[in-house]
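Spelled out, the chains give:
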Amino acid sequence: MEKLLYSGKAKQMWQTDDPAVLRVVYLDQATALNGKQKDHFAGKGQAAKAISDLVFAYLKDHGIETHLIKQLSPTEELVKKCTMIPLEFVTRNVVAGHFASRYGLKEGQSLPHPVQETFFKSDQLDDPFINASATTALEIASQEELDQMWALCQQVDDLLTPLFEKAGMRLVDFKLEFGRLADGHIILADEFSPDNCRLWDLQSGDHLDKDVYRRHLADLTSTYEEVHHRLQAAIEEEK
Ligand SMILES: Nc1ncnc2c1ncn2[C@@H]1O[C@H](COP(=O)(O)OP(=O)(O)O)[C@@H](O)[C@H]1O
Ligand SMILES: [Mg+2]
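In this text the structure is predicted, and so the values were computed from the model without any measurement.

Student: Tell me about the nonpolar core, and name the residues and values.
Tutor: Counting residues in each nonpolar core, the largest one holds 47 residues, and the members touching the most others are Ile51, Phe164, Met169, Leu171, Leu176 and Leu199. Looking at which domains feed residues into this core, each of domain 1 (4–80) and domain 2 (83–229) gives three or more.

And the structure:
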């Protein structure tokens, strides 16, 4: 029997008959302020999943292993079950969000090289900042594993920045999560959607990500659908 293992801010993770496989269900909800604010948006789950699937398929085509196994429906898919590494890997190409407020900067300045930040994934603790020595001392990951995950983040940035640019968007920043398979090797897991990245329209600078919800700027679902259409067209064009 299927058992709900975890219900998160954006997805549910269901156990399947195969202990190595999970069924993910994308939910029609969005949260801000680490879950303190939560709202329902019809079609949002499907739109976020559609974007994440395009991105993960693109990364796979370019040699990056992900947890994706197969699509089940517009809101559900099967993934390889991982032991998640409780870290959020944030890569920043442009000053925005907390990086702007923390250092008293205006949003929008391109950074001369990507900034890499790691956060300890814990809703209870509000995802505090964590550095490499704390990560290794607490045995969350080894230095070698950290290096490997950051190298993957860099590869993802190098692939996606030009792809989003072709789709008329600036990839401002993004968050990735990784997990270990039974044999210990690390793969890209979770999702890549505008819930976890910032995308600005290249021409107008309009926000095309969850900031439209956080800042009450536009409709969330139609914004995500727009991102999906643009991304799909850019990927098609490359083929
Ligand atoms: N392949 C995987 N195996 C096991 N857990 C995963 C996998 N991919 C993602 N997860 C975890 O499942 C949860 C996904 O649901 P989500 O709504 O994003 O949760 P959260 O609110 O914790 O971010 C996250 O905790 C994420 O770390
Ligand atoms: Mg999440």
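Student: Provide a residue-level description of helix α6 (residues 220–238), including the pertinent values.
Tutor: Compared with the 27 Å implied by 1.5 Å per residue over 19 residues, the 27 Å span of α6 between its first and last C-alpha is a close match. Every buried residue of α6 is accounted for by Leu220, Thr223, Tyr224, Glu226, Val227, His228 and Leu231. For α6, the elements touching its buried residues are β4 (29–32), α1 (44–61), β13 (197–201) and α5 (211–214).

Student: An account of the site of ligand 1 is requested, with residue identities and associated values reported.
Tutor: Ligand 1 sits among 17 residues. The nearest are Gly8, Lys9, Lys11, Cys82 and Ala189. Of all the secondary structure elements, the ones that give two or more residues to the shell around ligand 1 are β2 (11–15), β7 (76–80) and β11 (169–180). Of the residues that constitute the shell around ligand 1, the class distribution is eight nonpolar, three polar and six charged. The two domains that each donate at least three residues to the shell around ligand 1 are domain 1 (4–80) and domain 2 (83–229).

Student: Describe the pairing of β11, listing the residues and the values that go with them.
Tutor: Of all twelve residues making up β11, nine are buried, and the element is well covered by its neighbours. In terms of strand pairing, strand β9 (residues 87–94) meets β11 through four bridges, oriented antiparallel. Bridge pairing links phenylalanine 89 to leucine 176 in β11. Sheet topology places β11 next to β13; five bridges connect them, and they run antiparallel. Looking across to β13, one finds that aspartate 173 is bridged to arginine 198.

Student: Please give an account of the pairing of strand β12 (residues 186–189) that cites residues and values.
Tutor: Sheet topology note: the β11/β12 ladder contains four bridges and is antiparallel. Counterpart to phenylalanine 178 in the pairing with β12 is leucine 188. Linkage of β11 to β12, two consecutive antiparallel strands, is achieved through a turn of five residues, within which glycine 184 is found at a positive phi near 95°.

Student: Explain the packing of α1 against α6 to me, and be specific about the residues and the numbers.
Tutor: Contact geometry of α1 with α6 gives a least axis separation of 8 Å together with a crossing angle of 25°. Accordingly, the angle class assigned to the pair α1 and α6 is roughly parallel. In this structure, α1 crosses over α6, and the sense of that crossing is left-handed. When α1 is examined against α6, the residues Lys44, Ala47, Ala48, Ala50, Ile51, Leu54 and Tyr58 are found in contact with a partner set consisting of Leu220, Thr221, Tyr224, Glu225, Val227, His228, Leu231, Gln232 and Ile235. Residue composition of the contact of α1 with α6, grouped by class: eleven nonpolar, three polar and two charged.

Rules used in this analysis
Within each chain, residue numbers correspond to sequence positions counted from 1 in written order. Naming scheme: in the order in which they are written, chains are lettered from A and ligands are numbered from 1. The model is predicted, so local features are restricted to residues of pLDDT at least 70 and side-chain atom pairs to those at 80 or more, both for listing and for counting; the totals for chains, interfaces and linings are taken over all residues. As used here, a nonpolar core is made of buried Ala, Val, Leu, Ile, Met, Phe, Trp, Tyr and Cys residues. They are joined through C-beta atoms within 7 Å. Buried residues are those with 20 or more other C-beta atoms within 10 Å of their own C-beta, exposed residues have 12 or fewer, and partly exposed residues lie in between; C-beta atoms are placed from the backbone. What counts as a domain boundary in this text is fixed by an automatic or database domain assignment. Counting from the N terminus, the helices are the DSSP runs of H or I reaching at least four residues and the strands are the DSSP runs of E reaching at least two. Multiplying one less than the number of residues by 1.5 Å gives the expected span of a helix. Once C-beta atoms have been placed from the backbone, residue pairs whose C-beta atoms lie within 7 Å are recorded as contacts. By convention here, the C-beta atom is placed from the backbone, and a residue is near a molecule or strand when that atom is within 6 Å of it. Residue polarity follows a fixed list, in which Ala, Val, Leu, Ile, Met, Phe, Trp, Tyr, Cys and Pro are nonpolar, Asp, Glu, Lys and Arg are charged, and the others, Gly among them, are polar. Pairing between strands requires that DSSP locate at least two bridges from one strand to the other. Axis geometry follows a simple rule: fit a line to the C-alpha atoms, using only the stretch in contact for helices, then measure angles between N-to-C directions, giving values from 0 to 180 degrees. The scheme is simple: roughly parallel for angles under 35 degrees, roughly antiparallel for over 145, roughly perpendicular for 65 to 115, oblique for anything else. Each crossing gets its hand from how the near helix is turned against the far one by less than a right angle, where anticlockwise is left-handed and clockwise is right-handed.

From the geometry alone we can't say anything about function, so treat these as descriptive.
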